Amino acid sequence: MRPLDEKETAAVFEKLFKFTGPNLKHIVERLAVEGPDDPPGRYCFRLHRNRVYYASESLVRRATNVSRGRLASVGTCIGKFTHHGAFRLTVHALDLLAAHSRHKVWLKPTAKMSFLYGNSVLKSGLGRITDNVKSGDGVVVFSMSDVPLGFGVAARSTQDCRKAHADAIVVNHQADAGEYLRNEADL
């Protein structure tokens, strides 16, 4: 387990910024709530076996007592680096993204299961969408009862969604809570 280098940090922050925007500073500067330290530490990003973890500094210090071979994980795995060096957010980052997201999409109850099976969001299943979403922005997908279901990339802007046909794709799927069942062995 080691800190991220400059190239890796840039890749992680670029991907997180796509979803959170200026709220990224709240993720980076967040005070830790666990640990025995009297002045609370901060959360940090660590790399272990091509996976990026978001953990408190106190937990990271305690994890140094465990050998690399025996350490399974530390903190929350928010993503992983591919073999080609690209960073990919995983479904584990959903809670972090949902709390700090800039753009949100709410699904109708009829479209919720389709999204959880790994399909993109169609305009017919769109309940609400935040204003000023542009094509290519990262969006977090919620149910109508504000339960985070997953995240993806907006295929159309907010204005284009109003004019689009009912079968038009609005959000391209990236990850959803259904992956816990579909990819159980890989997670």
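Residues numbered from 1 in each chain as written. Predicted model: local features only at pLDDT ≥ 70, side-chain atom pairs only at ≥ 80, totals over all residues. Heavy atoms only, no water.

1. A word on the packing of aromatic side chains
Argument step 1. Considering all chains together, one arrives at six aromatic pairs under this definition.
Argument step 2. Residues Phe 45 and Tyr 54 carry aromatic rings whose centres are separated by 5.2 Å and whose planes lie at 45° to one another, so their mutual orientation is tilted.
Argument step 3. Where Phe 81 meets Phe 87, the ring centres are 5.2 Å apart and the plane angle is 55°; that geometry is what we call tilted. An identical accessibility class is assigned to Phe 81 and Phe 87; each is buried.
Argument step 4. Site record: aromatic cluster; members linked through ring pairs are Phe 13, Tyr 43, Phe 45 and Tyr 54. (Phe/Tyr/Trp six-rings, centres within 6.5 Å; stacked < 30°, edge-to-face > 60°. Buried < 20%, exposed > 50% of the residue type's maximum accessible area, 1.4 Å probe, protein only.)

2. What about helix α5 (residues 109–116)?
Argument step 1. The set of residues buried in α5 consists of Ala 111, Phe 115 and Leu 116. The arc that holds the buried residues of α5, viewed along the axis, is 135°, so those residues lie on one side. What points out from α5, more than 90 degrees from its buried face, is the exposed set Pro 109 and Thr 110.
Argument step 2. Buried-residue contacts for α5 involve β6 (104–107), β7 (121–122), β9 (138–143), β10 (148–154), β11 (169–176) and α7 (179–182).
Argument step 3. One or two positions beyond α5, positive phi appears at Gly 118, with a value near 100°. (Helix = DSSP H or I, 4+ residues; strand = E, 2+ residues; numbered from the N terminus. Arc of directions from axis to C-beta. Contact = heavy atoms within 4.5 Å.)

3. Quick word on the pairing of β9
Argument step 1. For β9, the buried fraction is high: six of the six residues fall into the buried class.
Argument step 2. Of the two faces of β9, the one holding Gly 138, Val 140 and Phe 142 and the one holding Val 139, Val 141 and Ser 143 are both buried throughout.
Argument step 3. When β9 meets β10, the two strands line up antiparallel, connected through five bridges. When the sheet's bridge partners are listed, Gly 138 is paired in β10 with Val 153.
Argument step 4. What sits between the antiparallel neighbours β9 and β10 is a turn of four residues, in which Asp 146 has the positive phi angle 60°. (Pairing = 2+ DSSP bridges.)

4. Let's talk about the domain arrangement of the chain
Argument step 1. Each domain of the chain was delimited in the assignment, giving domain 1 (2–95) and domain 2 (103–183).
Argument step 2. Centre-to-centre, using C-alpha coordinates, domain 1 lies 26 Å away from domain 2.
Argument step 3. Counting from both sides, the interface comprises eight residues of domain 1 and, opposite them, 17 residues of domain 2.
Argument step 4. The contact between domain 1 and domain 2 buries some 990 Å² in all, and 65% of this surface belongs to carbon and sulfur atoms.
Argument step 5. Interface area lost by domain 1 to domain 2 is led by Phe 19, Val 91 and Leu 94, which between them contribute 62%.
Argument step 6. Joining domain 1 to domain 2, the criterion identifies zero salt bridges. (Domains from an automatic or database assignment. Buried area = accessible area lost by both parts, 1.4 Å probe. Salt bridge = Lys/Arg side-chain N within 4 Å of Asp/Glu carboxyl O.)

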